[in-house]
Amino acid sequence: MVQFSRRAVLLAGASACAPTAFGPIRRARAANGARPSLPIPPELRADASHAIALHARPGSMRFYGAAGPATATYGINGAYLGPAVRVRRGETVVAQVSNSVPEDITMHWHGLIIPGAADGGPYQVIPFGKRWQTELLVDQPAATLWFHPHLYPSTADLVIKGLAGLIIVDDDESGRLPLPSRWGVDDIPLIIQDRRFKSDGQFFARFNIVAVTNGYVGDTALVNGALYPEARTARGWIRLRILNGSNARSYALAASDRRSLYVIASDGGLLESPVELKELLIHAGERFEVLVDGRNGNAFDLVTLPVSQPIMRLPPFDGPLPLVTFRPESADGKGQLPDSLAVLPSLPEQLPPVSQELVMNMFRDQQGMMALKKAGLMAMAQSGKTDPAVVARVVDLIVNGSALAQSDQLSSNGVNGAPFALGEKGFGAVPNQDLLWRISEGSDQMLHPVHIHGCQFRIVSQNGKPPEPQRAGWKDVAPISAGGVTEILVRFPHSASRNDPYMAHCHILEHEDSGMMTQFTVA
């Protein structure tokens, strides 16, 4: 467990404004000095005709304050990111997605248990100037889900530009609990992303060997589209709905004063009881709901601590980095931390035999890792000390490494020995039956948070052991790393045809967009 002082946290925050390869951007933010307020995405419910209208469109943002450069963005019903779509269990809504960005998109409802034809995967393309309409029957427990494009092979770029938003599912059971529930007051959404900016203020993105090996490596942390914002909240228990909306980065979250984080929900809904942690590791695509005790009124930061992947420990992520400040100073909230939360079905004593193996493959990882090793990254990681010369060489590989030809990009990774291809046969899954799937990786040791469409599953084991308690509830992302193996118990209540299949893929979006995805039918 990493121990750190308030001074260490503040120093790490100062390092976020230190010059890097794209120094002018950071100096603009440092000169401005003003702290932005945490943006709260507006709630969006269905109208009288049960429709929810989402409009993807170009925008512009000044992430480094009014004096900083304007960044071209995409947003949904706004300039960057989107609203929090609010639905209720048992409700049927009609999602209407209009596309005004100058390229094809799709819109995937990540975590919703719906048929393949409504899922918004790579086959439900929405061209520029067109609208896609689909019916969503909500039949699952209360949860924090999200939506984002799933166009192959451009998902990573579309998400970097800003196309993503939250889906909040409510139900009667969760409504009876005394949890904090005042949106933006004591019920706070946090979409955490890392970005890298070019000297002209535009988002950096490049599919080179570093990207297909490690995924996107940003050097700036954004929360709800803001750089180190502050939130003035109710004085009392504070509910944080945390989405790791980054393309590839994991975060080790903690409070700057080491107060406890009480995890109450995972991807698909409430846990059986709160899990008290000092640090919470959250991978790309995962969500956790956390309660934090703010009854003493003392301000604190949510920080991210260094994670295990060497390339993700480049400055400013080489020390405790503050992401957002909370100031619990308004009227006392009424929310409480319950002793028990939800009743989850017990896992069967006799599990079915494994019916599907999913092996994540990397075909260029040796090439990518050798380049990083030659730059000195592995030696720096082993030393535990940040070497500016090594950092400069690694950043040069990230930003200046030659972009791969698309044919090379699309053959860099795979599942079960082959890269993804639109129109591939895939495999089939039986509907309405408990299935045991085994997810592993090949010879590489990389992290792969694996997402399965059309379901919420339960993790049965991680490397032969029971899952961590915060991952023992409903999940749609199963992380594997270091040659690991995860087994999940999954059921598919809806159909998915050859024309509208479900996807199974690594949620490191650069892995997904370079072949680490497969498709399957349920019929």
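Rules of the game
Residues numbered from 1 in each chain as written. Predicted model: local features only at pLDDT ≥ 70, side-chain atom pairs only at ≥ 80, totals over all residues. Heavy atoms only, no water. Core = buried A, V, L, I, M, F, W, Y, C linked by side-chain atoms within 4.5 Å. Buried < 20%, exposed > 50% of the residue type's maximum accessible area, 1.4 Å probe, protein only. Salt bridge = Lys/Arg side-chain N within 4 Å of Asp/Glu carboxyl O. Helix = DSSP H or I, 4+ residues; strand = E, 2+ residues; numbered from the N terminus. Pairing = 2+ DSSP bridges. Axes fitted to C-alpha atoms, helices over the stretch in contact; angles between N-to-C directions. 1 Å grid on protein atoms, 1.4 Å probe; cavity = no way out; pocket = protein on both sides within 12 Å on 5 of 7 lines; lining within 4 Å. Points joined across faces, edges and corners; volume = space filled by probe spheres on them. Parallel < 35°, antiparallel > 145°, perpendicular 65-115°, else oblique. Left-handed = near helix turned anticlockwise from the far one by under 90°. Contact = heavy atoms within 4.5 Å. Nonpolar A, V, L, I, M, F, W, Y, C, P; charged D, E, K, R; others polar.

1. Notes on the nonpolar core
Logical step 1: Membership of the largest hydrophobic core comes to 77 residues, with the highest contact counts inside it found for Ile311, Leu314, Trp437, Ile452, Phe492 and Phe520.
Logical step 2: Of all hydrophobic cores here, the second largest spans 30 residues; its members include Leu38, Ile192, Val263 and Phe288.

2. Overview of the pattern of salt bridges
If charged atoms from side chains of opposite charge come close, those side chains can pair.
Logical step 1: Counted under the stated rule, the structure contains 28 salt bridges.
Logical step 2: Lys161 is the salt-bridge partner of Asp157, the closest N and O atoms lying 3.1 Å from each other. Pair noted here: Asp157 and Lys161 are both in helix H3 (residues 155-161), with a separation of four residues, about one helical turn.
Logical step 3: Taking relative accessible area as the criterion, Lys161 reaches 21% and is therefore assigned partly exposed.
Logical step 4: In this structure, Arg295 engages Asp293 in a salt bridge whose closest nitrogen and oxygen atoms are separated by 2.7 Å.
Logical step 5: On the basis of relative accessible area, Arg295 is assigned to the partly exposed category, the value being 48%.
Logical step 6: Asp293 gets classed as partly exposed once you look at its relative accessible area, which sits at 24%.
Logical step 7: A single salt-bridge network, built from bridges that share partners, covers Asp267, Glu286, Arg287, Glu468, Arg471, Lys475 and Asp476.

3. Observations concerning the sheet that holds strand E3 (residues 71-76)
Logical step 1: Strand order across the open sheet formed by four strands is E3-E2-E5-E7, with mixed pairing between neighbours. The sheet is open, and its two borders are formed by E3 and strand E7 (131-137), each paired with just one other strand. Looking at each pair of strands side by side, their axes are set apart by 20° on average, direction ignored.

4. Observations concerning the layout of surface pockets
Logical step 1: Counted as a void, the largest pocket has a volume near 690 Å³.
Logical step 2: Looking at the largest pocket, it is lined by 35 residues, and the ones nearest its centre are Gln309, Gln445, Met446, Leu447 and Ser481.
Logical step 3: For the lining of the largest pocket, the elements supplying multiple residues, two or more each, are helix H6 (365-375), helix H7 (377-383), strand E29 (477-480) and strand E30 (485-490).
Logical step 4: Broken down by element, the residue count for the lining of the largest pocket peaks at four residues, all from H6.

5. Brief notes about the packing of H6 against helix H8 (residues 388-400)
Logical step 1: Between H6 and H8, the least distance of the axes is 9 Å, while the angle of their chain directions is 150°. Taken together, H6 and H8 sit at an angle that is classed as roughly antiparallel. The element H6 and its partner H8 pack so that their crossing is right-handed. Here Ala371, Leu372 and Ala375 of H6 come into contact with H8, specifically with Val390, Arg393, Val394 and Leu397.
Logical step 2: Looking at the contact of H6 with H8, its residues break down into six nonpolar, no polar and one charged.

6. Looking at the sheet that holds strand E32 (residues 517-522)
Logical step 1: The strand order across the open sheet built from five strands is E24-E32-E31-E26-E29, with neighbouring strands paired in mixed fashion. Unpaired on one side and paired on the other, strand E24 (427-429) and E29 mark the two borders of the sheet. The average angle at which neighbouring strand axes cross in this sheet is 25°, direction not considered.
Logical step 2: For strand E26 (residues 448-452) and E29, the ladder comprises four bridges, and the chain directions are antiparallel. Residue Pro449 lies in a different strand from E29, and its bridge partner there is Pro479.

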